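Structural description and commentary
Listed below, chain by chain, are the residues.
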Amino acid sequence: MGFAKASPYLNLSIYWACLLWLRGLKEANLRIPSLIGGRMSKEELVNVWRSARIADEKLIEAFLKVPRESFVPEELKEEAYTDTPLPIRYGKTISQPTTIIIMTTALDVREGQKILEIGTGSGYQAAILARMAGEKGRVVTLEVVPELVILARENLKKAGVTNVDVIEDDGSQGHEKESPFDRVIVTAACPGIPEPLLRQLKPNGILVAPVGGLRIQEMVKVRKLNSGFERETMGEFMFLPLVGKHGFREDELD
Ligand code: SAH
């Protein structure tokens, strides 16, 4: 799902609520939904991030270049820049833009890197990573729902992104064949960090994943050192569950 809880980003949330409130006033549209998930333009979202200093200009440029509207269903195109997760298909969601920004910033992507994403969904996060990695870089993204694999490939094509490979597989086991990776990102809630993902990370590589229960997770950033790992947490988020060998068990999901 990719929904940032307010706590660690309270200032940003207050700023955002005020902005939406002012915008609501301007449009004489004072309904509560406009305060918590009001329709925004790409530029307004970017201005919020710039003011809150949570994204660097390279990431903002990537965000501006990738058409999010190509990754949401036709009927939700007008909501593409609302700062909230949106349903895609098959019960899945595209993450909230601010969550994408927070995770991508933590991942510290450099030009030319090889990145592994677990949980392709719409393909939007993969597209942002691909822009950050540039033409010499590459994103391998794994998805378990076959229909989403097809949808994400179509979305990426529509958006003109060519350096992403969408593969249908259980991402909780990583992607041994093309390992090691410079960066690994999981966009589904993990009960614990899957061991294969840590193993398939290059030395000095970074992994970002939401780890915790089915309802709430802590965003975790791990850097692989020569011996061991350095771990940092970045606040609470809500994601759809990771399934598969190292994900939540089927009987835990109901
Ligand atoms: N990154 C996506 C949103 C991800 S939603 C975007 O930008 O739109 C979480 C996704 O993880 C869902 O599509 C779900 O099917 C997928 N998923 C869950 N468990 C998985 C697993 N073991 N391997 C690969 N994908 C998985």
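Residues numbered from 1 in each chain as written. Predicted model: local features only at pLDDT ≥ 70, side-chain atom pairs only at ≥ 80, totals over all residues.

Attention shifts here to the pairing of strand β5 (residues 138-143). Across the six residues of β5, six count as buried, placing the element largely inside the fold. In this structure, strand β4 (residues 114-118) lies alongside β5, joined through five bridges in parallel fashion. Bridging across to β5, E117 finds its partner in T141. As for the winding sense of the linkage, the β-α-β connection from β4 through helix α6 (residues 124-133) to β5 is right-handed. Relative to strand β6 (residues 164-168), β5 runs parallel, the two sharing five bridges. Its bridge partner being in β6, E143 is matched across the sheet by E168. Traced from β5 through helix α7 (residues 146-158) to β6, the parallel crossover comes out right-handed. (Buried ≥ 20, exposed ≤ 12 C-beta atoms within 10 Å, placed from the backbone. Helix = DSSP H or I, 4+ residues; strand = E, 2+ residues; numbered from the N terminus. Pairing = 2+ DSSP bridges. Right-handed = clockwise from strand over helix to strand, strands pointing away.)

Glancing now at the site of the ligand. Residues in contact with the ligand amount to 26 residues; listed here are only the nearest, G119, G121, Q125, G171 and G244. Taken together, the residues of the shell around the ligand break down into eleven nonpolar, twelve polar and three charged. (Near = placed C-beta within 6 Å. Nonpolar A, V, L, I, M, F, W, Y, C, P; charged D, E, K, R; others polar.)

Locating E143 in the fold gives a position in strand β5. Sequence separation of E143 and G171 is 28 residues, and the distance between their C-alpha atoms is 6.7 Å. When sequence neighbours within four positions are dropped, the list of residues in contact with E143 reads G119, T120, L148, V149, A152, V166 and E168. (Contact = placed C-beta atoms within 7 Å.)

Here we come to the nonpolar core. Residues A127, I128 and L129 are the most contacted members of the largest nonpolar core, which totals 64 residues. If one sorts the elements of this core by residue count, α6 sits on top with eight residues. Residue contacts for A127: discarding those within four places in its chain leaves V66, L156, A159, V161 and V164. (Core = buried A, V, L, I, M, F, W, Y, C linked by C-beta atoms within 7 Å.)

With that settled, the discussion passes to helix α4 (residues 57-65). The complete set of buried residues in α4 reads L59, A62 and F63. Take α4 and look down its axis: the buried residues cluster within an arc of 100 degrees, on one side only. Buried positions along α4 lie against α3 (42-52), α5 (97-107) and α6. (Arc of directions from axis to C-beta.)

It is generally the case that most residues other than glycine have a negative phi and that most peptide bonds are trans. The omega angle of the peptide bond from S179 to P180 is 5 degrees, so this bond is cis rather than trans. Relative to the helices and strands, P180 resides in the loop between β6 and β7 (181-186). In this model, R53 sits at a positive phi of 50 degrees, which is unusual for a non-glycine residue. Relative to the helices and strands, R53 is located in the loop between α3 and α4. Looking at R53, the number of C-beta atoms within 10 Å reads 8, which means it is exposed.

That is the geometry; function is a separate question.
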